[in-house]
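In case you want the letters, here they are:
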Amino acid sequence: ADLRPDKKDDAWTTSSRFKHDLVEIFPHSKNETVLELGAHVGHCTRVLSRLFGAVIAVEHSEPVLDTNVKRTSDLSNIVHLNLHTVLDDWSVFSHSRISV
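Anyway, here's the lowdown on the structure attached to this text.

Each value, and the rule that gives it
- Residues numbered from 1 in each chain as written.
- Predicted model: local features only at pLDDT ≥ 70, side-chain atom pairs only at ≥ 80, totals over all residues.
- Heavy atoms only, no water.
- 1 Å grid on protein atoms, 1.4 Å probe; cavity = no way out; pocket = protein on both sides within 12 Å on 5 of 7 lines; lining within 4 Å.
- Points joined across faces, edges and corners; volume = space filled by probe spheres on them.
- Helix = DSSP H or I, 4+ residues; strand = E, 2+ residues; numbered from the N terminus.
- Nonpolar A, V, L, I, M, F, W, Y, C, P; charged D, E, K, R; others polar.
- Pairing = 2+ DSSP bridges.
- Right-handed = clockwise from strand over helix to strand, strands pointing away.
- Buried < 20%, exposed > 50% of the residue type's maximum accessible area, 1.4 Å probe, protein only.
- Polar contact = N/O pair within 3.5 Å; in protein donor to acceptor, adjacent residues only side chain to side chain.
- Contact = heavy atoms within 4.5 Å.
- Core = buried A, V, L, I, M, F, W, Y, C linked by side-chain atoms within 4.5 Å.

### Some details on the layout of surface pockets
Taken as a whole, the largest pocket spans an internal volume of roughly 210 Å³. Residue contributions to the lining of the largest pocket peak at four residues, all from strand β1 (residues 29-37). A per-class count over the lining of the largest pocket returns 12 nonpolar, six polar and one charged.

### Concerning the pairing of strand β3 (residues 78-82)
Every regular strand shows the same layout, with side chains that alternate between the two sheet faces. Relative to β3, strand β2 (residues 52-59) runs parallel, the two sharing five bridges. Residue Val-58 lies in a different strand from β3, and its bridge partner there is Leu-81. The β-α-β motif built from β2, the intervening helix α3 (residues 62-71) and the parallel element β3 has right-handed crossover chirality.

### Regarding the side chain of Asn-68
Residue position: Asn-68 is located in helix α3. The exposure class assigned to Asn-68 is buried, which follows from its relative accessible area of 0%. At 2.9 Å, the side chain of Asn-68 and the side chain of His-80 are in polar contact. Asn-68 has contacts with Ala-39, His-40, Val-41, Gly-42, Thr-45 and His-80, leaving out every residue within four places of it along the chain.

### Some thoughts on the nonpolar core
Among the nonpolar cores identified, the biggest contains 12 residues, and these are Leu-22, Val-34, Ala-39, Cys-44, Val-47, Leu-48, Leu-51, Phe-52, Val-55, Ala-57, Leu-75 and Ile-78. If you list the elements that add at least two residues to this core, you get α2 (43-51) and β2. Not counting the four nearest positions on each side in its chain, Ala-39 is found in contact with Thr-45, Ala-57, Val-58, Glu-59 and Asn-68.

Printed below as a string of structure tokens:
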């Protein structure tokens, strides 16, 4: 179910094929942390959270990030960050409790 929706259903999400490829490529990554830039509304975030031990989901739009937070509220291994990857200061990572 987490492999849906597909790109043809929602132009802003990743394709079901991409999500399926993630499952095939990262089957043993529970001890790893993944950084998701442009996390959008959380479809791919859900898949990543099941594959990796921790997900850092970065999204610049606060309303969109709020949707991601709601969509992934049942998952405890996600850190959501409101950050514009071009305009904001990346030093937020240097003073955080996020360990990678």
